[in-house]
Amino acid sequence: MERTRILREMGLGPVWKLRAVPAEAVLDVGEPQPASIPLAESVPVADLNPPLATAPAMPGSPATGMGWAELAAAVSSCRRCPLCQTRKQAVLGVGDVNADWLFVGEGPGAEEDARGEPFVGQAGKLLDNMLAAIGLRRGQNVYIANAVKCRPPENRTPTPEEVAACRPYLERQIELLQPKLIVALGRPAAQTLLQAEVKIAAARGKLHDYRGIPLVVTYHPAYLLRTLLDKAKAWEDLCFMKRSMPTLRGD
Ligand code: URA
Ligand code: SF4
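About the thresholds
Residues numbered from 1 in each chain as written. Chains lettered and ligands numbered in written order. Predicted model: local features only at pLDDT ≥ 70, side-chain atom pairs only at ≥ 80, totals over all residues. Heavy atoms only, no water. Phe/Tyr/Trp six-rings, centres within 6.5 Å; stacked < 30°, edge-to-face > 60°. Buried < 20%, exposed > 50% of the residue type's maximum accessible area, 1.4 Å probe, protein only. Near = heavy atom within 4 Å. Polar contact = N/O pair within 3.5 Å; in protein donor to acceptor, adjacent residues only side chain to side chain. Areas by Shrake-Rupley, 256 points an atom, 1.4 Å probe, with all protein chains shown as cover. Nonpolar A, V, L, I, M, F, W, Y, C, P; charged D, E, K, R; others polar. Helix = DSSP H or I, 4+ residues; strand = E, 2+ residues; numbered from the N terminus. Pairing = 2+ DSSP bridges.

**Q** With reference to specific residues and values, describe the packing of aromatic side chains.
**A** Taken as a whole and judged by the stated rule, the model has 3 aromatic pairs. Centre to centre, the rings of Trp101 and Phe103 are 6.0 Å apart; their planes meet at 10 degrees, and the pair counts as stacked. Assessed through its relative accessible area of 4%, Trp101 is described here as buried. Residue class for Phe103 comes out buried when judged on its relative accessible area of 3%.

**Q** Give me the site of ligand 1: which residues, what numbers.
**A** With respect to spatial proximity, the complete set of residues near ligand 1 consists of Gly105, Glu106, Gly107, Glu112, Pro118, Phe119, Asn146 and His220. Contacts to ligand 1 include Glu106, whose backbone N or O atom sits 2.7 Å from an oxygen atom. Interatomic distance of 2.6 Å between a side-chain N/O atom of His220 and an oxygen atom of ligand 1. Considered on its own, ligand 1 offers 240 Å² of accessible surface; in the complex 92% of this is hidden by protein.

**Q** Describe the site of ligand 2, and please don't skip the residues or the numbers.
**A** All residues in the neighbourhood of ligand 2 are listed as Cys78, Arg80, Cys81, Leu83, Cys84, Arg87, Lys149, Cys150, Ala165, Cys166 and Tyr169. Among the residues forming the shell around ligand 2, the class breakdown is 8 nonpolar, no polar and 3 charged.

**Q** Before we move on, can you summarise the pairing of strand β4 (residues 181-185) with the specific residues and values?
**A** Among the 5 residues of β4, 5 are classified as buried, and the element is accordingly described as predominantly covered. Here β4 shows a buried face lined by Leu181, Val183 and Leu185 and a second buried face lined by Ile182 and Ala184. With 4 bridges joining them, strand β2 (residues 101-105) and β4 adopt parallel strand pairing. Counted as the bridge partner of Val104 is Ala184 from β4.

Pasting the structure below:
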């Protein structure tokens, strides 16, 4: 599989094309197609290791009781971790505050830091294509946030301390949003939400729980851009999310 050609194809034009009803959906990457993904009879529920630590109760959190405007102000002036020293601006999140779906990434990159919106660079284009593949669109029934709100220099992975310092903001976002399903994109998001060591390969394809809200884990889009072979797995994960959602709805 020739990387530059695929990147150009992805290039980031539509990558994820839903050609049929979800049950017979295929991934169009110009390569041999993965087999149709059958609908599971039942949704497997995660058998994770017990959480390493219980998340601290909200009292004492810097975000307790805040509404969206206060949260945005608190994040933009936050100095709880060293990432505040190098950011251009904090990036709280974007989308529909009544969304059923919440996607949580790792942290802003250069473009996100410059524009103040999550997932607007290359990984963001892939995320948009992934959303489109399951009939979703940024801003409509979808909210997008990150584990850390400030850009880690050189796009390094945020440290556990930085992620922990920023977690109260994400927790408050989830309290305000009350999504029906949370999608953790990559390890930092999965680990901060589940408060456990997570390996994506082992954790994907199962329903986890974040304080009573179902959560699924999948690969981060930036990782998928580097590791094209896992795209078929990401496609399976999208189908899993899609078919999980109706089972979660009260209607
Ligand atoms: N990667 C992320 O995890 N988040 C962004 O906002 C952009 C890239
Ligand atoms: Fe504050 Fe989070 Fe930014 Fe760190 S990353 S300074 S905790 S908003």
